[in-house]
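# Analysis of the macromolecular model
The lines below spell out each chain.
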Amino acid sequence: MSKIFGASYSRIDSLKESRIEYQRDIHLGTSSGIWQDHGIMLCRDEEEHCDNRLHLEPTLSPSRRYVVLFDGNLDQPRGDRHDERCSIRAHQDSLRLAKLWDSLGQRATATLSGQFVAAIWDRQEQSLTLMRDATGRRPLYYSPYLDLIVFGSDIRKIASTPWVNKRINQRAVGLLLAHHLIPAPNTIFEGVYKLEANSFIKFKNSKISTTKIQAPTGSDLVDNLPQDIPQAADMLDRRLEKVLATHVRKKDSPGVFLSGGIDSTLIAAKLSSMDLSPIHSLTIAFSDTVLDESQQAAWVADKIGTEQHFINMSPNLVYRGAVELSDIYDEPLADPSAIPYILMAQAASRISSVFITGDGGDEYFGGYNRYRRMDAIPGKRLIDLIDKCSLIPSLPYHIYRHARTMGSMPLVNRLIGGQVPLYPSSHYWKDATMPWSRRAMLTDMRSYLPDQLITKMDRAMSRYNIETVTPLLAREITGFALQLSDCMVKQKIVLKELLRRYLPDYPTSRPKKGFQTPFDSWLRKDLRELFLDATTKNTLLNRGISDPLLAQSIIREHLLGHPRGNICWPLFVLCIWNPDLIS
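Notes on the structure follow. (Residues numbered from 1 in each chain as written. Predicted model: local features only at pLDDT ≥ 70, side-chain atom pairs only at ≥ 80, totals over all residues. Heavy atoms only, no water.)

## Overview of the overall build of the protein chain
Quick note on the threshold: Strands are runs of DSSP state E lasting at least two residues, helices are runs of H or I lasting at least four, and both sets are numbered from the N terminus onward. Here's how the labels work: a residue is buried when its accessible area is under 20% of the maximum for its type, exposed when over 50%, partly exposed in between, all with a 1.4 Å probe on protein chains only. Any pair of residues with heavy atoms lying within 4.5 Å of one another is described as a contacting pair. The accessible surface values rely on the Shrake-Rupley method and a 1.4 Å probe; as for residues, cover is taken only from the protein chains in view.
A tally of regular secondary structure across the protein chain gives 24 helices and 17 strands. Residue burial in the protein chain is summarised as follows: out of 583 residues, 61% are buried. Put simply, of all contacts in the protein chain between residues at least 6 apart along the chain, 72% involve residues at least 24 apart. With an accessible surface of roughly 23,200 Å², the protein chain has 49% of that area assigned to carbon and sulfur atoms.

Take a look at the structure:
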């Protein structure tokens, strides 16, 4: 995967003086290219396997007004691409975006689908636009300083420039401890911001304006709305086949991350029906029978005929995954399932270069139990719970866990020596025309999905050069799901209806487990030594913990058997994260 970087100045004279210093400070490799014009500097740092220097330069639009620096991919049939090498594919997509921007400007985003970030320099207006797509697959960070803005795909490289004060953001630490992630626009460093998914920022004359891209309604993708569940399943089936045919070829010998749940099983079954064999399936197996779903996955793999691969989580593998967390994730991400994802990425790299996931099924088709539970709570009572938790209801996941959150929030306040900031708000929550569950789904689509789930998967797979396809997040399917009536997006009823057609004896009524991990036990056993070595008093202080003695007291309680994992896991991830590591 390539990474993009750049800087825009209001004072042109300072740009010339900074080029060499900037290249040195962001640690560009040998496969790098820098492009410079009045008031702007753009550069790309390619991985070694994408070293075609011809396409390191940004793309000039046909009118020569816009300069486009692009990372990622736009959805289009693979047959339309003239070359599968990543640098040339990116260049083709960059040309397409440049032409669209010439004719439509910012309205071009309504026609784009894919996973990408881009920087667009307007030579006439002398302005810089940064954009990030709706799925949030690619990160984009920026740091404004006086008349300068620095941006890039790697936060630690941005923080290493002389214009950024690499100080830990205590507000972000509070969010991490409370929510197990750092939601955009916050980042772990003060003065550095993460562009939100589905957003633009524009930098002109030392001023920044932020624009939220209009969320797709799907009306342009759905001619006739389904009248019942079977019809909805028919329409979803056609869209799913189109998306898979677009992104997956037989010669890829694709793999599926198969948990045995509804989403991944449906994807695997559909691939099998399209004669894309041989299909590989990769499954994580836990020794804890309460969490393990490998038997169900094995049953599915046997039914549809995939080549099965399993990873048995051993103490040695858990340790190996944990020590890679800091190297793979630019910011601390306290999702324990990141460790299995790292191990899956390592194993997947030995099986196939293309893997398909079922991410997005829960958020777009109402799979989480918390959605159902929210509708069961009277509106006034739900608002009371939110108020008591000191949370704005932008993250329904934590409303569902309100009892635990209420217990830990005062503790987090003491650890950071202040108040945990509110989770970034969402305008969807204020729409009283929708049931609570639908509001929760929409806010999860714009926050929990890109900031945690997609981040967890994409960073791990990118490290091992795995191309991941997420068909349920393709525009054709998300637009369709957004148009479905409220009664059709409850407990994945449409996905279940479609799955029964391919696998009639699949137990669609089995309780949802989700991808859970025994992280409490890991900290007490498999990772105990690493946990204690990482959480020293000095390290805790350096990571923004105001009361390290309290933190160490909580850690001792957890090691003695008290349930403190909800605080201890983010403390562990925060302390093993290395702010000085340049990936």
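Still more to cover.
## Focus: the side chain of R438
Among the structural elements, R438 can be located in helix 16 (residues 436-446). The residues contacting R438, other than those within four sequence positions of it, are A481, L482, L484, S485, D486 and V489.

## Quick word on the packing of aromatic side chains
Selection rule: Classification of ring pairs uses Phe, Tyr and Trp, with its six-membered ring standing for Trp, and accepts pairs whose centres are within 6.5 Å; under 30 degrees between planes counts as stacked, over 60 as edge-to-face, and the remaining range as tilted.
In total, this model carries 12 aromatic pairs according to the counting rule given. Aromatic pair Y368 and Y448: ring centres 6.2 Å apart, planes at 65 degrees, arrangement edge-to-face. Highlighted residues: Y368 in the loop between helix 11 (361-365) and helix 12 (369-376) and Y448 in helix 17 (residues 448-463), separated in sequence by 80 residues. On the basis of an interplanar angle of 90 degrees and a centroid distance of 5.7 Å, the ring pair of F531 and F572 is categorised as edge-to-face. With F531 in helix 21 (residues 528-534) and F572 in helix 24 (residues 565-576), this residue pair connects regions lying 41 residues apart in the sequence. We classify F531 as buried; its relative accessible area is 0%. For F572, a relative accessible area of 0% translates into the label buried. Among the aromatic residues, those joined into a cluster by ring pairs are F519, W522, F531, W569 and F572.

## Digging into unusual backbone geometry
A184 connects to P185 through a cis peptide bond whose omega is 10 degrees. With respect to the helices, strands and loops of the structure, P185 is situated in the loop between helix 4 (170-179) and strand 10 (193-194). Here the phi dihedral of N198 falls at roughly 65 degrees; this positive angle occurs in a residue that is not glycine. Considering the arrangement of structural elements, one finds N198 in the loop between strand 10 and strand 11 (199-204).

## Some points on the environment of L140
Locating L140 in the fold gives a position in the loop between strand 7 (127-132) and strand 8 (141-145). When sequence neighbours within four positions are dropped, the list of residues in contact with L140 reads I4, V117, A118, L130, M131, F151, G152, S153, Y193, K194 and L195.

## Notes on helix 23 (residues 548-559)
Condition: Take the residue count of a helix, subtract one, and multiply by 1.5 Å to get its expected span.
The first and last C-alpha atoms of helix 23 sit 16 Å apart over 12 residues, in line with the 16 Å expected at 1.5 Å per residue. Looking only at helix 23, the buried set comprises P548, L550, A551, I554, I555, H558 and L559. After helix 23 finishes, the residue G561 shows a positive phi value of roughly 115 degrees.

## Some points on empty space enclosed by the protein
We apply this condition: Here the term cavity refers to a set of points on a 1 Å grid, laid over the protein atoms alone, in which a 1.4 Å probe fits but cannot get out; the term pocket refers to an open set having protein on both sides within 12 Å along at least five of seven lines, with lining residues being those that place an atom within 4 Å of a point. Grid points are joined across faces, edges and corners, and a volume is the space filled by probe spheres set on the points. Any residue outside Ala, Val, Leu, Ile, Met, Phe, Trp, Tyr, Cys, Pro, Asp, Glu, Lys and Arg is labelled polar, Gly included; the first ten of those are nonpolar and the last four are charged.
A complete count under the given rule lists three cavities of 30 Å³ or more for this structure. Reported here for the largest cavity is a volume of approximately 170 Å³. The wall of the largest cavity is formed by 15 residues, among which Y141, K194, E331, T455 and R459 lie closest to the centre. For the lining of the largest cavity, the element with the most residues is helix 17, which contributes four residues. The class makeup of the residues in the lining of the largest cavity is eight nonpolar, one polar and six charged.

## Thoughts on the pattern of salt bridges
Applicable threshold: Salt bridges are identified by distance alone: a Lys or Arg side-chain nitrogen within 4 Å of an Asp or Glu carboxyl oxygen.
Within this structure, the stated rule accounts for 24 salt bridges. Its salt-bridge partner being E125, residue K204 comes within 3.9 Å of it at the nearest N-O pair. You can see K204 sitting in strand 11 and its partner E125 sitting in the loop between strand 6 (114-122) and strand 7, a full 79 residues away along the chain. A residue is classified by how much of its surface remains accessible, and E125, at 27% relative accessible area, is partly exposed. Residues R137 and D458 are paired through a salt bridge, measuring 2.9 Å at the closest nitrogen-oxygen approach.

## Concerning the sheet that holds strand 16 (residues 354-356)
As a reminder of what qualifies: Pairing between strands requires that DSSP locate at least two bridges from one strand to the other. Here an angle of 0 to 180 degrees is reported between the N-to-C directions of two axes, which are lines fitted to C-alpha atoms, with helices fitted over the stretch in contact.
Read across the open sheet, the five strands follow the order 15-14-13-16-17; overall the sheet is parallel. Edge positions in the sheet fall to strand 15 (307-312) and strand 17 (467-469), since each of these pairs with one other strand and no more. The average undirected angle you get between the axes of adjacent strands in this sheet is 30 degrees. Relative to strand 17, strand 16 runs parallel, the two sharing three bridges. Counterpart to I356 in the pairing with strand 17 is V469.

## Some thoughts on the pairing of strand 9 (residues 148-152)
Residues in a regular strand project their side chains so that they alternate between the two faces of the sheet. Counted residue by residue, strand 9 has five buried out of five residues, so it is predominantly covered. Burial along strand 9 is two-sided: the residues L148, V150 and G152 and I149 and F151 are all buried. As defined by bridge partners, strand 1 (residues 3-9) adjoins strand 9 across five bridges and the pair is classed as antiparallel. Across the sheet, Y9 pairs through a bridge with L148, a residue of strand 9. The pairing of strand 8 with strand 9 spans five bridges and is antiparallel. Each bridged residue has a counterpart across the sheet, and for S143 the counterpart in strand 9 is V150. Joining the antiparallel neighbours strand 8 and strand 9 is a turn of two residues, in which L146 adopts a positive phi near 50 degrees.

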